[in-house]
Amino acid sequence: MKAMERLKRRGGILPLLLLWGKIKGRPLWRTPKSQHVQRWLLLAFASLSIAAFLSPALEVAPPTYKIGDAAVKDVRSDSDLLVRDKKATEKKREAAASRVLPVYDYDPSVLPEIEGVIHSIASLMRRYKAAETQMGEKGLKGEVEKILGFPLSPQEYQALKSRGALKSTVGLIAPLMKKGVVSNRELLFQEEGIVVRNIKTGEEEIRRDLSSLPDCGEAKGMIKKTLEGPQLKDIPAELKGVIFKVAHNLILPNLTFNRQETSRRREEARNHVKPVFFQIKRGEILLKKGERVTGEDILKLEALSEGWRKGGSALVMILGFIFLTCFFITAFYLFSTKNIKKVSLANKDILFFTLVLISSLGMARISVFVAEALAGAFPRFPLSSYYYFFPVVAGAMLIRIVLNSEVALVYSIFVSLLTGLLLKEGIFFPIFYFIGSIVGAHSVARCDQRFQPIKGGLLVALTYILLISFQGMITARIFEVEIFFDLLMGLAGGVVAGVVVVGLAPIVESVFGYTTDIKLLELANLDQPILKEMLMKAPGTYHHSMIVGNLVEAGAKAINVNPLLARVSAYYHDIGKTKKPQYFIENQRVGDNPHNKLTPSMSSLILVSHVKDGIELAKRYKLGSKIIDIIGQHHGTRLINYFYQKAKEHEDPGVQEVDERDFRYFGPKPQTKEAGLVMLADAVEAASRTLEDPTPARIQGLVQKITNDIFIDGQLEECELTLKDLHEIAKSFNVILNAAHHHRIEYPEAQQEEERQKNGGVGSKPAKEATGKARRGKENSRKDIKRLGVSRERVEHPPGR
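Not measured: the values here are computed from a predicted model.

Enquirer: What am I meant to see in the packing of helix α27 (residues 673-688) against helix α28 (residues 696-712) here?
Expert: Helix packing geometry: the angle between the two helix axes and the distance between the axes. Look at α27 against α28: their axes get within 10 Å of each other, and the N-to-C directions meet at 135°. In terms of their interaxial angle, α27 and α28 are classed as oblique. Crossing angle aside, the handedness with which α27 passes α28 is right-handed. Contact with α27, carried on its side by Met 679, Leu 680, Ala 683, Val 684, Ala 687 and Ser 688, involves Leu 702, Val 703, Ile 706, Thr 707 and Ile 710 of α28 and no other residues of that element. Counted by class, the contact of α27 with α28 contains 9 nonpolar, 2 polar and no charged residues.

See below:
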C-alpha cells in the first residue's frame, strides 16, 4: 500500500491500468520510472482499445444458404449494401441510349457549290454577250446546259438569259439550304431533336424544332409554292418555269444522318450508366429466422459476403486500424500539448482522459447492438433514431468538470469523430455529437451544485432538438413520424447524459483525487474538521484566512478566474500553522513571543515549516491537488525579511556570513492565477494589520507597495498574472480592506458623560483633553496623507465607499 501511495504521489499510473500485486513478495508488474515512458504507454493503450472498437474485422462472417433453405437465424446487414439489379440496369442503359440524339452532318459546301454553278452561267453569258451571231448563241446555250447538267428548251434558255433570272434562283435556294435540307424527313418523326455537326469546323448544335427541316421533295415544293405566290405574280410564266427547273435540279440535301457516329455515342452513353443496385440500410434484416431463401435473398447475401471479404485478412485490418488510430492520437496529442496552453496534462489526467474516451466508445459499441435489437423488434422506427439516445456528451461534461475547457474541446473532437466512424452514418452524427459535447461542457463550466449537470443535460437536450429539427428541414423530413421519434430520443439522450454525470462525478473525485467545484463547495463549509481545529488552536490564523478568502474572491471575480477555488484555497492556505500556532504573531498574546528565545535561523525554519505541515494536513484531509498546490505555492520563494535583517545585525563576517537563501521559502512560485492571488492577499492582509490609522489612502499605498514588492521579487513570473490583472486585483483589495478597517464615528458628549461618571460627575477637563487628542490625531493624519501625496478630498470621499 505504501508503494502504491508513493506511486500516486509521483503522479504515476493508477491501479485501473497497472495490474499491481505481489506473489511471494515480488511485484507482478513494475511501472516505468520515466513519466515519459508511462505517457506513451497510455497512448499506445488508447490506440489499441480504440482500434479494437472500430475494427469491423471482429465481426462474424455472414452465413451461406441455397435457394429454398430455411434461415436458422436472423441475418442483419452490418453496413449499407448495394445489390446489383441486372434488369433494372439494362433498362436504364436502354433509356440512356434512347436519350442520345442522332447526329446529322451539315455540309456547308453544298450551297456555295450551287451558287458557283449559277455564277459560272452568269459569267459565261457575260462573255458571250458580244457574240450576236447564230453560231455564238448556240454555243452559249450548249455551254450553259453543260454547266447545269440538263437540257433547256429554247424558250427556257431565253427566259434564263433574262435579267434577274439567275439571281432569283439563288434567292429561292439559299434560305432553304441555310436551314438545312435532309434526305429523308420520315426519320425525323421518331426523334425529339438532332445534333447538327458542321463537318468543316466540328461545331455542334442541338435542334429541337424539326418541323422547319424539309427534305429535298419538300424543299422543291416550297420553291414551287413561292413562285406561284402573289408576291411573284408579275414574273412571266416562262421565267418561273425555268427558275423552278434550275432549282429543282440543283437543290441537294446538306444534312446527312451519320449512323456510325450516332451508334458510337449511344454505346458510350450505355457504358456510362452505372449499375442499378438494391439499397440495403445498415441494420436492415435481410433474412428472418425460419424464412425460405429466395433468389433475391441470395443476391443480398452474396453482396453481404463480398463486402465482408473485401476487407481482406482480419489481422491486417486490425493492424491497419491500430496504426491509423495511433497516428491520429499521437498527432493530435503533440499538437494539443505544444499549441494549446492549458492542455498540459499529468499522467493521471491522460489516464482519466483515455478511460473516459474508451468507456464512451465501448458504451457506443454495446449500444449499437442494443439499438439493432430494438430496431428489429420495432421496424417502424429506423435504427439511426436510437443513436440520438447515446449519452456521448457525458464524457465531455466530466472532462470539463475535473480538468478545463481546452481539454474538454479536444475530447469533444476525439469522441465525435471516433463515434461517427463507429456508427457509419455519414457526417451528421459527428457534427451532432461535437456540438452537443461543447454545449454540455460549457453548461458545467461553473458547476457549483451537485445537480448542475442535470441542468446541463436539459440544455444539451434542447440543443439536440434543434439539431434534429435542422437536419429534418435539410432532408425535407421535418413532418414525418420518424422525426418526432428522433426528437424524443434526443430529448431523453440529453437528460440521461446529465444523470450519468451526476452519478459518475463523485466516483471520479474519489478514485482520481480531483477537486471539482462541487468538492470545493463542500470544503467551503466552515464546519469542516480542519477549520474547526484551526479556530480552536489558531484563532488569529482562522480570522486571517477568512479575510484573505474575501480578498481573493473579489480579486478572482475582477480578473475572471475561478472565485470559488480562490476562496476555498485561502481558507486552507495556512492550516499548517495549527501545528505550532504560538510561533505566529496573529495567535500570540501581548508580550508572549517565543521567537525571543530562538535564533533568527531557527525562527525562519519554524515559519517555513508551516507550508510543509499544511501540505501534509491537506493530504490527510483529502483536500485535493489544486488546494495542495496552492498551499505549497502561496509563499513562493519569498524572503522572511524580519529574521533575515535580524540575522544580519548579529552577523560576524569573520566566522560565518548570513546566506539569504536560508531565509527564503522553498517554493515553488505560484503556477496559477489563483495561487498568485492567494500570495498577494496573504501578504496584504497581514501588512494591513500593522497600520495604526488605516485610512483609505494608507491602505491604497500599502496594497500598491506590497504588490510591487512581490512583483519585483519575481514571485509572479510563472502564474500568468498580467499588469492589468494586478491593477484590477489592487482595486478589489482596496474595497475589501476599506470595508474591514472603516472608521467609526466619535461621540464627544457621550465620552464626556462617561468621564464624569467615572469622576463622580465632575471634570469637563478630561473631555477637553480627549477632544484635543482627537484634534491632534486628525492633524497628524492629514500630515501623513500629505506625505503619501494623496489629496484630502480623495480620503474623505474614497472610491467605492
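Enquirer: Looking at this structure, how should I read helix α9 (residues 237-250)?
Expert: Helical geometry note: an α-helix holds 3.6 residues per turn, so side chains three or four residues apart project in the same direction. Between its first and last C-alpha, α9 extends 20 Å over 14 residues, near the 20 Å set by a 1.5 Å rise per residue. Residues Leu 239, Lys 240, Val 242, Ile 243, Val 246, Ala 247 and Leu 250 constitute the buried set of α9. Around the axis of α9, the buried residues are gathered within 170° of arc, so they sit on the same side. Exposed side of α9, more than 90 degrees from the buried face: Ala 237 and Glu 238 are the residues found there.

Enquirer: Before we go on, may I ask you to explain the pattern of salt bridges in this structure?
Expert: Any two side chains of opposite charge can pair if their charged atoms end up close together. Within the structure shown, the criterion is met by 23 salt bridges. Arg 664 is paired through a salt bridge with Glu 660; the nearest N and O atoms lie 2.9 Å apart. Given the relative accessible area of 19%, Arg 664 is considered buried. Glu 660 gets classed as partly exposed once you look at its relative accessible area, which sits at 31%. A salt bridge links Lys 669 to Glu 717; the shortest N-O distance between them is 2.6 Å. Residue Lys 669 is located in the loop between α26 (641-649) and α27, and its partner Glu 717 is located in the loop between α28 and α29 (723-740); the two are separated by 48 residues in the primary sequence. Lys 669 sits in the buried class, given a relative accessible area of 16%. Look at Glu 717 and you get exposed, because its relative accessible area is 56%.

Enquirer: I would appreciate a short explanation of the sheet that holds strand β7 (residues 204-207) in the present structure.
Expert: The pairing of strands in a sheet happens through backbone hydrogen bonds and is either parallel or antiparallel. A sheet is described by the order of its strands in space; here 4 strands give the open sequence β7-β6-β5-β8, paired in mixed fashion. The open sheet has two edge strands, β7 and β8 (255-257), and neither has a second partner. Direction aside, neighbouring strands of the sheet carry axes that sit 30° apart on average.

Here is what the cut-offs are and how they apply
Residues numbered from 1 in each chain as written. Predicted model: local features only at pLDDT ≥ 70, side-chain atom pairs only at ≥ 80, totals over all residues. Heavy atoms only, no water. Axes fitted to C-alpha atoms, helices over the stretch in contact; angles between N-to-C directions. Helix = DSSP H or I, 4+ residues; strand = E, 2+ residues; numbered from the N terminus. Parallel < 35°, antiparallel > 145°, perpendicular 65-115°, else oblique. Left-handed = near helix turned anticlockwise from the far one by under 90°. Contact = heavy atoms within 4.5 Å. Nonpolar A, V, L, I, M, F, W, Y, C, P; charged D, E, K, R; others polar. Expected span 1.5 Å × (residues − 1). Buried < 20%, exposed > 50% of the residue type's maximum accessible area, 1.4 Å probe, protein only. Arc of directions from axis to C-beta. Salt bridge = Lys/Arg side-chain N within 4 Å of Asp/Glu carboxyl O. Pairing = 2+ DSSP bridges.

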